[in-house]
Amino acid sequence: MNKILTVARHEFVTNLRRPGFIITTLIVPLLGALALVVAAFFGGQFASFFERQFEGKAVRVGYVDHSGLFTPPLAEYADAFIPYPDEDAARRALLEGEIEAYLLIPEDYLETGRVLGYSRSRGLSTAISVSKEKLQPFFIDHLLAGRVDPELRKRAADPVHLTPIALDEEGKPSGEGPAGFIANFVAPYAFSILLVMTIFSSSGFLLQGVSEEKESRVIEILLSSITPLQLLAGKIAGLGALGLAQVLFWLGCGWALMGVAGTLFAFAAVFIKPLTVLLGLVYFLLGYLLFATLMATAGALGTSMREGQQIGGIFSMMAALPLMLSSFLFANPNSALAVALSYFPPSAPTMMLLRLGVTNVPLNQVAISLILLMAGIAGSLWAGAKLFRMGLLMYGKRPSLSEIVRALRQA
């Protein structure tokens, strides 16, 4: 045990002083503090600047109306939608740059709803892509003009301003408006990204350290006074403590920044759900144990640090997969794919945190996920210890698949 603690202390202190770790740890709260300073002193100017950069420019769309339903255009659309008597005139205006696109509305529009859109770009042009903001109201307003009450026509063109409200187990609102959105989605999503960063930075240091010690043959000296299992356990414990300290530092800075933001801008503090924080820490510890073992094994099996990183990259892709598929998974966070990724040990920590931010995950799924994750850790420790011992003293070549299988069969 003393030898394990000695290795753990050495790994903790050595990697704590690494410039990469210091920069990674400090950059997150520094960016948050910078955002607060900018918002406090330059909020109006900064917001105006971004509005000018991202606001859509005024586009002019021509149209040829063979149906007779959209001519002449209503006064509120006269500047944005220009009628043309025929398609040749509209095409000339497009080629000369007078309009960005034009629409061809056929005679049977009422029966088919079919409209052709022409632009000079190969992709969907900016002008035609305004359908959700201007094009759809343009058609609705003209179809209903003179047929229904103006207020009803206006509401039909913009029918819904939805405010989502989530109910807790007792049927009471648990969040409303932007604050509820931040608490229930943005914060857990950001927390999952920070956890992935921490897991990979800490386990990456482990892979790097094992590879460097193997390349320099320092590992031979170490193994003369310590067993491979003790060395592996010490490295995992030391870097696990380092990663946990990094997460706690980020959480403390985030708490402080939220308090400062609430004071400056006079809004109620938004807190992450306690269950999300608790499960986040649990999944961090378990996820770290899994990836630390896998990365240490990759470092031992590789013949160089570059080769070890290539092997470790396979495991990294597995953990990052939920973030890569997040746009699809958020549409249905309880889909079979989302649940499967919650059960698969390498992707479980990230996937469960993402799901906890957007839906109420059944407790039985959380329990199954944790059980499978712990089983994956036990299996990776069992296999990793054997492969770690086999790979440490192999130089010049990567072990073959048959050698790996033989090592796993040996007691």
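Refer to the preceding data block for the structure.
Scoring rules and cut-offs
Residues numbered from 1 in each chain as written. Predicted model: local features only at pLDDT ≥ 70, side-chain atom pairs only at ≥ 80, totals over all residues. Heavy atoms only, no water. Helix = DSSP H or I, 4+ residues; strand = E, 2+ residues; numbered from the N terminus. Buried < 20%, exposed > 50% of the residue type's maximum accessible area, 1.4 Å probe, protein only. Pairing = 2+ DSSP bridges. Axes fitted to C-alpha atoms, helices over the stretch in contact; angles between N-to-C directions. Parallel < 35°, antiparallel > 145°, perpendicular 65-115°, else oblique. Left-handed = near helix turned anticlockwise from the far one by under 90°. Contact = heavy atoms within 4.5 Å. Nonpolar A, V, L, I, M, F, W, Y, C, P; charged D, E, K, R; others polar. Phe/Tyr/Trp six-rings, centres within 6.5 Å; stacked < 30°, edge-to-face > 60°.

Caption draft 1: Molecular detail of unusual backbone geometry. The linkage connecting Thr71 with the following residue, Pro72, adopts the cis geometry, with an omega of -5°. Note that Pro72 resides in the loop between strand E1 (61–65) and strand E2 (81–84).

Caption draft 2: Here's a closer look at the pairing of strand E3 (residues 101–105). With five of its five residues buried, E3 lies for the most part within the structure. A two-sided burial pattern is seen for E3, the buried positions comprising Ala101, Leu103 and Ile105 on one face and Tyr102 and Leu104 on the other. With five bridges joining them, E1 and E3 adopt parallel strand pairing. Across the sheet, the residue bridging to Tyr63 is Leu103, located in E3. Direction of pairing for E3 relative to strand E4 (residues 116–119): antiparallel, over a ladder of four bridges.

Caption draft 3: Seen up close, the pairing of E1. Most of E1 sits out of view: five of its five residues are buried. Side chains Val61, Tyr63 and Asp65 project from E1 onto one buried face, and the interleaved Gly62 and Val64 project onto a second face that is buried too. With four bridges joining them, E1 and E2 adopt parallel strand pairing. Paired with Gly62 across the two strands is Ile82, which belongs to E2.

Caption draft 4: Region of the structure containing the packing of helix H13 (residues 336–343) against helix H14 (residues 348–358). Following both chains from N to C, one finds H13 and H14 inclined at 135°, their axes separated by 7 Å at the closest point. Here H13 is positioned oblique relative to H14, judged by the angle of their axes. Two packed elements cross with a definite hand, and for H13 against H14 that hand is left-handed. Where H13 abuts H14, its residues Ala338, Val339, Leu341 and Ser342 lie against Ala348, Met351, Met352 and Arg355. Residues that form the contact of H13 with H14 fall into these classes: six nonpolar, one polar and one charged.

Caption draft 5: Molecular detail of the packing of aromatic side chains. This model, assessed by the stated rule, comprises 10 aromatic pairs. When the ring of Phe70 is compared with that of Phe138, the centres are 5.8 Å apart and the planes differ by 20°; the resulting orientation is stacked. Here Phe70 is found in the loop between E1 and E2, whereas its partner Phe138 is found in helix H5 (residues 135–144), with 68 residues between them in sequence. In this structure, Phe70 and Phe138 share a single accessibility class: buried. Ring centres 5.5 Å apart and planes at 40° place the aromatic pair Tyr109 and Phe139 in the tilted group. Of the two residues, Tyr109 is situated in helix H4 (residues 109–112) and Phe139 in helix H5; the sequence distance between them amounts to 30 residues. By the burial criterion, Tyr109 is buried, and Phe139 matches it. Joined through ring pairs, the aromatic side chains of Tyr63, Phe70, Tyr77, Phe81, Tyr109, Phe138 and Phe139 make up one cluster.

Caption draft 6: Broad picture of the sheet that holds E2. The four strands are arranged E2-E1-E3-E4 in an open sheet whose pairing can be described as mixed. In the strand order of this sheet, the two ends are held by E2 and E4, each with one partner. The average undirected angle you get between the axes of adjacent strands in this sheet is 25°. Across the sheet, helix H3 (residues 87–95) lies against E1, E2, E3 and E4, angled at about 165° from E3, the strand it touches most. Running over the sheet, H5 touches E1, E2 and E3 and is turned about 35° from E3.

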